[in-house]
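These are the residues of each chain, in order.
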Amino acid sequence: MIPYDKLPHTPIASVNSVVVKTGAWRTFKPVINYEKCIRCMICWKFCPDVSIRLEDGSSYPAQSERIKETIKEAPVIDYDHCKGCGICAEECPTKAIEMVPEEK
Amino acid sequence: MVRMLLTGNKTTAYSAMRSRVQVVSAYPITPQTTIVEHIAEFIADGLMKAEYIQVESEHSAMAAAIAASNTGARAFTATSAHGLLLMHEMLHWATGARLPVVMVNVNRALGPPWSVWADHLDSISQRDTGWMQYYVENNQEIFDTVIMAYKVSERPDIMLPSMISQDAFYLSHTVEPVDIVEQEVVDNYLPPYDPPYRLDVNNPAGFGSLVMPNHYYEFRYKIAEAMEKAKKYIKEAAEEWYEITGRDYRGLLDCYRCEDADVVLFGAGTMMSTAKEVVDWMRAEGKKVGVARIRVFRPFPGEDVRKVADGAAAIGVMDRAYGFGRGGAFFNEVNSALYNHRNRPPTKNYIIGLGGRDVKPRHIRAIFNDLLKVKDEGLDEEFRWFGLRRENMPEEEI
Amino acid sequence: MVKLTIPEIELMSPGHTGCQGCGATIAMRYALKALGEKTIVSIPACCWAVMPGVWPNNCMRVPLLYTAFETTGASISGIKAALRALGEEEVTVMGWAGDGGTADIGMQALSAAAERNEDVIYVMYDNEAYMNTGIQRSGATPLGAWTTTTPVGKTKFWERRPKKPMVDIVAAHKVPYAATLSIGYPEDFVKKMKKAKEISGFRFLHIYSPCPTGWKSPPQYTPKLAKLAVTSRAFPLYEVEEGIYRVTMKPKKTPLKEYLMLQGRFRHLTDEDMKELERDIERRWKELLLKEEMTAKLEELNE
C-alpha cells in the first residue's frame, strides 16, 4: 500500500508483469519428453503466456543426436507462469508434451 | 502590444496561436465554429504550426486531444453546449489521466428546445469533472486566460486540464479591441510543454490501467490536492502576466467596489460587465453596491467568498443556469462556503438570462434594489426566477 | 541454431491475466514481434485493458495508452499527430480494440480515422462477442452463436445475423490496406503485420482470436479453432490493398460441423441449422472469390 504523497499523479504501470506468478493457476502441467522433441519450437510459437523459453539444449536429450547438434536450443517450460492451457501439448507434432495433473 | 479588433472566437484562435499549441482537434458547433475555422486558416497560411485533426465528433475531439497530450504535445480544442455534453466522459478522463489539455467553451443553451444563445448550463454541468474552470467577461480576458491556463495546467505538480468559458455571441461574435501580445513575449512567459510523463518508446509504461480500491481513493485525493494548490499558482501566473501586460487577473474573484459595499452581487460572464456599470451609476446615487465576478470557479474561491461576506450585509448570486435542484450552482457553492463561516449575511439566488435572455442594466438595478431591501427587511425568498414572463409582470423585469 | 519461423523477440511478458488458452494474447504477442520496439499501442475497454495486469503491473514492453471504449480511432489519431508535432515520425502507432469496441461502439471513430487516412494501424481482435463483460453479443457475433444476450432458451433466441464484414467496410473507405489474420497461421500473421508496418496511411487488421471462455471450447484447441475457422471458410484469410482483393489462403475445405462442434456456443445447432450456416459461409466465400476476380481489373486503374 502506497501512501498518497508517494503515488504518481496518475497510475503509470511499469512493473514487469513477470512478478505475477500465474503458474499458480494450473491444474495440469505440461511435461516435455525431450527424447521425442524434434526442436520444431511449435510449442514456443503458440504459447499465449510466453512461458516457453528457448534455452541452451546441450544438457537435454532430443529425438536424435543430429537434431540436438544442428539446433542448439531446447524449449523449456517456465513453470512460474505456465497456466496449463495445453496448447503446447495439442500442437506438438510428435506428441512429445504430456499434460500431467498438478500434484497438490 | 499588438492591438486588433477581434471577435471572441478570433481572439481564441490567436490565443491558441500564441500558446504555440501543437495539436488541435476540431469539430464545429455554433457558436464556436469560427474558432476552429480561424485556426485552420492560420495553419493553412503558415502563421501557426500545429497538427490539425478534423475529428468526427466532440467526444473524439477530446479523446484525440488527450492522446496527443499524453504523447507529449500541447493540445487544444474548443466546443460549446451539446458538444461539451457529448465529451463529458472524456472530460473526466482528462482529469484522471492528469493531462494539461486546455479548451475554450462557448457557453450556449441546451436543447430541446434548440437555442444557440448564451446560457451557462453546459459548463456548469461539467463542474464535477475536475477541470480548472474560468468564466470570462470580455475578449481580452479570453486571450489572457488561455495563456495563463496553460502555464498553470502544465505545472508538473498540477497537471490538470483547464476550461475557459465565454458567452455565446456576446463575446464569440462581438468585436472588441484585443491586445494579442507579441509572440516573443508570450514565449518568454509560457515555455514549451515539458511533460513529467509521456508515451515514450525509450521508456515504455502503461497509462490508465486498473487500480484496486486500495489506491483509487488516494489518486482522487491527489486531484483534489492539486486543485487546491492551483489557487496559489493561478494567482502567481496572473501576477507575472500583470507585470508584463498591466492587466490584472490576480483575484480568483474579480471584486469591483466590494470593499465597503452593503450588498454584493455574485455571478459570471458578460452580464457582470453590465453589473459593474450599474454599480458605478448606483454608487453615484449614494447606494453602496458591489460586484464579485466569479472568474475562477474551479478551484472554488471559498476564502475570497468569505472575505466578501465579512463586509456585506446581503449577498445576491446570479446563476445563468439552473440545475433543477435546490437553487443554482453558484448559489449553492457560495452558500456552502459561508455555512460554517462566522459572518453569514442572507444570500438570495437570482436565476437569470437563460437561453440568451438579455440581462439589461435595469434588471441589475432592480436586483441591487431588491438586495438592499433584503439587507434592510430580511430575506423574503431564497430563489427568484428574475424576468419570468407572467401576468402582471413588474416593469423592472421586462 | 534454431530457425524460427516468426521473430524471436518478445515484447510481451508472461504474468498477464488472460484466460488459459486466450487467443487474443497470442495475437498481441505476434503483433509486437512483427512491429518491434518503436511502437505505441492504445487499448480501449476490452479484455486487453485488464490483461496487462492491475497497476503497477504491465505485461507490455512498449508504451501503452489505455483509452475509453469508443475512442480507439480518435486516440491513435491523437498519438500520431503528437508524434508528428514532436518530430518522432518513425514510431508505429497501433490501436488494439475488441470486436465490440470496433464494430459497435467504436465504429464512428474508426470510420473517421479511416476516412482521414490516418497513418496508423487499427487492429480489431475478434473473439466474436463482448467477452470482458461476460460474453454478450456484438456486431461480430457469428450466425447461430449462443451469447448471454442471444441465449438459446425455448424460442431459439440465438444470434440470427451474420458477422459484420469489417474488412470490407473499412476497405470501402479507400484505405491502403485491410486484411484478415488468424492466430492459427502465425507466419501469415507476422507477414501481414510486417507488411502493414511498411505501408503509410490507414491499415486495418481483423484478427481472429478464439476465446475458450466465451466459446466454451477447451483451451488447448485455440490454435486448432483458429485454423479450422479458415479451412472451413468461416473466417477466410484475405487482404484488400488499394481496393484489390486477394485471398491469401485457399485451403482445402473442411466441414463446418467439425469447427462448430468443438465450441459449446454452437452445441444447440441441429444439422438443419448447420446447413443454413454452411450455405451462408459458402455464399460469402463465393462472393469473396468474385471480388478477387473483379478487383483484379482495378490493377490497371491503379497504375
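Residues numbered from 1 in each chain as written. Chains lettered and ligands numbered in written order. Predicted model: local features only at pLDDT ≥ 70, side-chain atom pairs only at ≥ 80, totals over all residues.

**A look at the overall build of chain C**
- Within chain C, the regular secondary structure consists of twelve helices and nine strands.
- Rg of the C-alpha trace for chain C: 19 Å, near the compact-globule value of 19 Å for 303 residues, within the 12% margin.
- Dimensions of chain C along its principal axes, counting C-alpha atoms only, are 60 × 55 × 45 Å. (Helix = DSSP H or I, 4+ residues; strand = E, 2+ residues; numbered from the N terminus. Rg over C-alpha atoms; globule rule 2.2 N^0.38 Å.)

**Quick look at the confidence of the model for chain C**
- Summary statistics for chain C give a mean pLDDT of 96 and a share of 100% for residues scoring 70 or more.
- In the predicted complex, the global pTM is 0.97; the interface-specific ipTM is 0.96. (pLDDT = per-residue confidence, 0-100.)

**Thoughts on the interface of chain C and chain B**
- Facing 35 residues of chain C, the contacting portion of chain B comprises 36 residues.
- Of all the secondary structure elements, the ones that give two or more residues to the side of chain C that touches chain B are strand S1 (39-43), strand S3 (64-66), helix H3 (72-85) and helix H5 (107-115) of chain C.
- Ranked by residue count, the leading element in the side of chain C that touches chain B is H3(C), at ten residues.
- Note that strand S9 (residues 206-207) of chain B and S3(C) share two bridges and pair parallel. Across the sheet, Gly206(B) pairs through a bridge with Leu64(C), a residue of S3(C). (Contact = placed C-beta atoms within 7 Å. Pairing = 2+ DSSP bridges.)

**Points about the interface of chain C and chain A**
- Each side of the interface is counted separately: chain C has 31 residues, and chain A has 33 residues.
- Elements that contribute at least two residues to the side of chain C that touches chain A include exactly helix H1 (23-35), strand S2 (57-58) and helix H9 (222-231) of chain C.
- Broken down by class, the residue content of the side of chain C that touches chain A amounts to 16 nonpolar, twelve polar and three charged.
- Pairing geometry for strand S2 (residues 15-16) of chain A and S2(C), over two bridges, is parallel. Its bridge partner being in S2(C), Val15(A) is matched across the sheet by Asn57(C). (Nonpolar A, V, L, I, M, F, W, Y, C, P; charged D, E, K, R; others polar.)

**Digging into helix H10 (residues 271-284) of chain B**
Residue and element names in this part refer to chain B.
- Taking 1.5 Å per residue, 14 residues should reach 20 Å; H10 reaches 20 Å between its end C-alpha atoms and fits that length.
- When H10 is considered as a whole, its buried residues turn out to be Met271, Met272, Thr274, Ala275, Val278, Val279 and Met282. Projected onto a plane normal to the axis of H10, the buried residues spread over an arc of 150° and lie on a single side. Opposite the packed face of H10, turned more than 90 degrees from it, sit the exposed residues Asp280 and Ala284.
- Against strand S10 (253-256), strand S11 (263-267), strand S12 (289-294), strand S14 (314-319) and helix H13 (361-377) lie the buried residues of H10.
- Residue glycine 286 follows H10 closely and has a positive phi angle near 95°. (Expected span 1.5 Å × (residues − 1). Buried ≥ 20, exposed ≤ 12 C-beta atoms within 10 Å, placed from the backbone. Arc of directions from axis to C-beta.)

**A short note on the sheet that holds strand S5 (residues 102-107) of chain B**
- An order of S3-S2-S4-S5-S7-S6-S13 (chain B) is seen for the seven strands of this open sheet, with the pairing classed as mixed. Here the strands that pair on one side only, and so sit at the sheet edges, are strand S3 (51-54) and strand S13 (296-298) of chain B. The average undirected angle you get between the axes of adjacent strands in this sheet is 20°.
- Looking at chain direction, strand S6 (residues 132-135) of chain B and S13(B) are connected through two bridges and run antiparallel. Within the sheet, the bridge partner assigned to Gln133(B) lies in S13(B) and is Arg298(B).
- Here H3(C) sits on the sheet in contact with strand S2 (23-26) and S3 of chain B, set at roughly 160° to S3(B). (Axes fitted to C-alpha atoms, helices over the stretch in contact; angles between N-to-C directions.)

**As for the sheet that holds strand S7 (residues 203-208) of chain C**
- Here ten strands make up an open sheet; going across it, the order is S1(A)-S9(B)-S3(C)-S1(C)-S4(C)-S5(C)-S7(C)-S6(C)-S8(C)-S9(C) and the pairing mixed. Taken across any chain shown, the strands that pair with only one partner, and hence form the sheet edges, are strand S1 (12-13) of chain A together with strand S9 (244-247) of chain C.
- The sheet contacts of helix H11 (residues 271-296) of chain C involve strand S8 (238-241) and S9 of chain C, and relative to S9(C) the element is tilted by about 135°.

**Overview of the domain arrangement of chain B**
Residues and elements named next belong to chain B.
- We note that the domain assignment places domain 1 (3-245) and domain 2 (253-397) within chain B.
- For domain 1 and domain 2, the distance between their C-alpha centres works out to 28 Å.
- In this assembly, 26 residues from domain 1 lie in contact with 21 residues from domain 2.
- Every element with two or more residues in the side of domain 1 that touches domain 2 is listed here: helix H6 (121-124), S6 and helix H9 (213-245).
- For the side of domain 1 that touches domain 2, the class distribution of residues is 15 nonpolar, five polar and six charged. (Domains from an automatic or database assignment.)

**Some remarks on the nonpolar core**
- Counting 258 residues, the largest nonpolar core has Val23(B), Ile66(B) and Val264(B) as the members making the most contacts within it.
- Residue contributions to this core peak at nine residues, all from H1(C).
- Two domains share this core, each providing at least three of its residues, namely domain 1 (3-245) and domain 2 (253-397) of chain B. (Core = buried A, V, L, I, M, F, W, Y, C linked by C-beta atoms within 7 Å.)

**Points about the packing of helix H11 (residues 302-311) of chain B against helix H12 (residues 329-339) of chain B**
Residues and elements named next belong to chain B.
- Look at H11 against H12: their axes get within 9 Å of each other, and the N-to-C directions meet at 75°. Classified by the interaxial angle, the pair formed by H11 and H12 is roughly perpendicular. Touching Gly302, Val305, Arg306 and Ala309 of H11 are Val334, Ala337 and Leu338, all from H12. (Parallel < 35°, antiparallel > 145°, perpendicular 65-115°, else oblique.)

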